[in-house]
Amino acid sequence: PPDTALLGRSTWTFLHTTAAYYPLTAPPQAQTNMLSLLSSLSMLYPCSWCATDFQKDIRRNPPDVSGREGLMRWLCERHNEVNGKLGKEKFDCGIQNLDKRWKDGPDD
Ligand code: FAD
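On a predicted model such as this, the values are computed, not experimentally measured, just so you know.

(A) Just the state of the cysteines, in detail. Counted under the stated rule, the structure contains two disulfides. Here Cys47 pairs with Cys50 through a disulfide, and the sulfurs are 2.1 Å apart. When the S-S torsion is 65 degrees, as for the bridge of Cys47 with Cys50, the disulfide is right-handed. One disulfide bridge connects Cys76 with Cys93, the sulfur atoms lying 2.0 Å from each other. Measuring the twist about the S-S bond at about -85 degrees, one finds the Cys76-Cys93 disulfide to be left-handed. On the criterion of sequence distance, the pair formed by Cys76 in helix α4 (residues 68–85) and Cys93 in the loop between α4 and α5 (95–104) is long-range, its members being 17 residues apart. Residue Cys76 shares its accessibility class with Cys93, and that shared class is buried. Sequence-ordered numbering of the bonded cysteines in the protein yields a pairing of 1-2, 3-4.

(B) Quick look at helix α1 (residues 4–20). Compared with an ideal rise of 1.5 Å per residue, which puts 17 residues at 24 Å, α1 spans 24 Å between its outermost C-alpha atoms and is within 8% of the ideal. All of the buried residues in α1 are Leu7, Gly8, Thr11, Trp12, Leu15, His16, Ala19 and Ala20. Among the structural elements, α2 (28–44), α4 and α5 are those in contact with the buried residues of α1. For α1, the side-chain oxygen to backbone nitrogen distance between the N-cap and Ala5 is 3.1 Å, and the N-cap itself is Asp3.

Reading the values: rules and limits
Residues numbered from 1 in each chain as written. Predicted model: local features only at pLDDT ≥ 70, side-chain atom pairs only at ≥ 80, totals over all residues. Heavy atoms only, no water. Disulfide = S-S within 2.5 Å. Helix = DSSP H or I, 4+ residues; strand = E, 2+ residues; numbered from the N terminus. Buried < 20%, exposed > 50% of the residue type's maximum accessible area, 1.4 Å probe, protein only. Expected span 1.5 Å × (residues − 1). Contact = heavy atoms within 4.5 Å. Polar contact = N/O pair within 3.5 Å; in protein donor to acceptor, adjacent residues only side chain to side chain.

Written out as structure tokens, the structure is:
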């Protein structure tokens, strides 16, 4: 079976980075593509219990694909959901903190 920690870190890196470079105001085609990516990921993710929980979480909390800020916040909250489940610290989902981690990098 895959290393779920490495798989998770890599997948979160892909998702948060993709959200950070998503359009500020997403055109309909980008919204459709993002919904399709998230839905497919939740079906195909190669950790079956992770995938099942992620599907349930997405059903309870439909993705905000309207634009980058909403998507980044939504994804941060989904990641915090998993952090909570695993007893990890919650991340500050403020946009400045998210941009610092996933777009701009540290101050100096
Ligand atoms: P990760 O949680 O992988 O985080 C990587 C980096 O992202 C952190 O160092 C931090 O800088 C940043 N970060 C942390 N939280 C946030 C946030 N909320 N928003 C933005 N950035 C943040 N593992 C399981 O054991 N069981 C599961 O059920 C499970 N479900 C998963 C479901 C999905 C969809 C994914 C993608 C992963 C899942 N994982 C699961 C893996 C788990 O989330 C972690 O990736 C793994 O435990 C490694 O954790 P880590 O401490 O290296 O940091």
